[in-house]
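Fold and geometry: a report
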Amino acid sequence: MMGKEEFFVYIRDNIREYLPESYQYADISLAENVKLNDIHLTTLLIRRPGETMIPAIYLDNLYDAYRRGKPAEECLSELAEVRVQANVENEREELFSNISRYDAVKAHLQIRACDYEQNRDRLRGKLYRREGDFALTYHIEYDMGESSANFQVTNDILSVWGVDEETVHQDALLADQRREPVLVNMEDTIYLMTGQPGYQNLLWKDGALDLDSGMIPMFILTNKKMHNGAGILFHDGMKEKISELMGGDYYVLPSSIHEVIIVPTQISVAELSDMVHTVNREHVDVEDRLSDQVQFYDSQVKALVNAEKWLAAHQININTVSPALRGMVAVSAASASSVYAVDKGTLPFGVLEALKQECRENRLEAYMDFSDPAYDAICQKSITERFDMRPQTKKTKREESRRPPEQGKSL
């Protein structure tokens, strides 16, 4: 059995025998293509004289089939059929014939998002903009009904167009607006997916949403076609608009390159990270994965940041808070329950009011509910992620003796 590279060369050198006579003078070559998330794949290119647009036929999956027992001759026959039936000549060639004219393509620009660290190879030579853990890339996207054709904008083409990066970015924002950004409840996504009425675009609403439904709400941010819509998050004012609807801070789950999920902050980052990792590995094709990094929108500084890094930088020393809060956090940490409730009348009025103020000052409101008439407070177990729970060590007598003498007047 041939190894992978040997198989690819064998395909290149023998495919001509399986093609029609019109392909006998075709130029046949192998090329490496870097897909989303830096997946390196080998493609077969078969170009007849005079052809400008040709399909890139991926060979990696075919090699897997060969290793499972598919005869090499059958692989060659299948590839030849794919090349002959590829319908790329007329419609797509006409679409891209004006690609050197910026005025002809700017209405088709689109902003897409990807994980920066996972796409370093793919980003080489491409026009992109850093946004924290992400990179925004620019594409010329042609909607062709059942399919689409796209070209990723490179640094080199800017000089051909005679425009700068900011111009491309602003025109891409305008083009994306025509694709109709939407924010919908998770349960209404089915209407969006099927193109049916029945969902409410929450981006049209003003003020904070009512999030007290008994369940933790989740919202999908995408475009109307749910295709390459994750970049909508980085539109001007979008993060701030979502903050208004969420009533402040929120988390962003990088669901896929097609959409992101917005959730309030009462779920722990650890739970959300586990969820994203599991869904990415089990339910999202590798070429559609956006990122494993949960994001946190900090409404105080108006910035989207890595959630785990934000938590690490804003940990509260458990020994510095009030006894009431310290006790609730300690009980929550030791409990197997997801919430800890303090019965009504347990906390003196002054202590309760001080606790509310302390939670506001430390940005703990998402973890503490003071509105239930049956309880003084309901504390989410996830509050523990905000605290450094390490006990404060007592100084030894030797350490005490090493303290410098207190300064004072000599009498």
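What counts as what
Residues numbered from 1 in each chain as written. Predicted model: local features only at pLDDT ≥ 70, side-chain atom pairs only at ≥ 80, totals over all residues. Heavy atoms only, no water. Phe/Tyr/Trp six-rings, centres within 6.5 Å; stacked < 30°, edge-to-face > 60°. Helix = DSSP H or I, 4+ residues; strand = E, 2+ residues; numbered from the N terminus. Buried < 20%, exposed > 50% of the residue type's maximum accessible area, 1.4 Å probe, protein only. Pairing = 2+ DSSP bridges. Expected span 1.5 Å × (residues − 1). Arc of directions from axis to C-beta.

We now examine the packing of aromatic side chains. Throughout the structure, instances matching the rule amount to 11 aromatic pairs. Arranged with centres 5.4 Å apart and planes meeting at 55°, the rings of Phe7 and Tyr63 form a pair that is tilted. Note that Phe7 is positioned in helix H1 (residues 4-14) and Tyr63 in helix H2 (residues 60-67), a separation of 56 residues in sequence. For Tyr63, a relative accessible area of 6% corresponds to the buried category. Taken together, the ring pairs in this structure connect Phe7, Phe8, Tyr63 and Tyr66 into an aromatic cluster.

Our next topic: the sheet that holds strand E16 (residues 368-369). Taken together, the 3 strands give an open sheet; going across it, the order is E15-E17-E16, and neighbouring strands pair in antiparallel fashion. Looking at which strands have only one partner, the edges of the open sheet turn out to be strand E15 (339-343) and E16. Here 2 bridges tie E16 to strand E17 (residues 375-380), and the two strands are oriented antiparallel to one another. Residue pairing in the sheet places Asp369 in a bridge with Ile378 of E17.

Glancing now at helix H14 (residues 349-361). Its 13 residues place the ends of H14 19 Å apart at the C-alpha level, agreeing with the 18 Å of an ideal helix rising 1.5 Å per residue. Buried residues of H14: Leu352, Leu355, Glu358 and Cys359, and no others. Each buried residue of H14 lies within a common arc of 120° when the element is viewed along its axis, so the set occupies one face. Along H14, exposed side chains directed more than 90 degrees from the buried face belong to Phe349 and Glu361.

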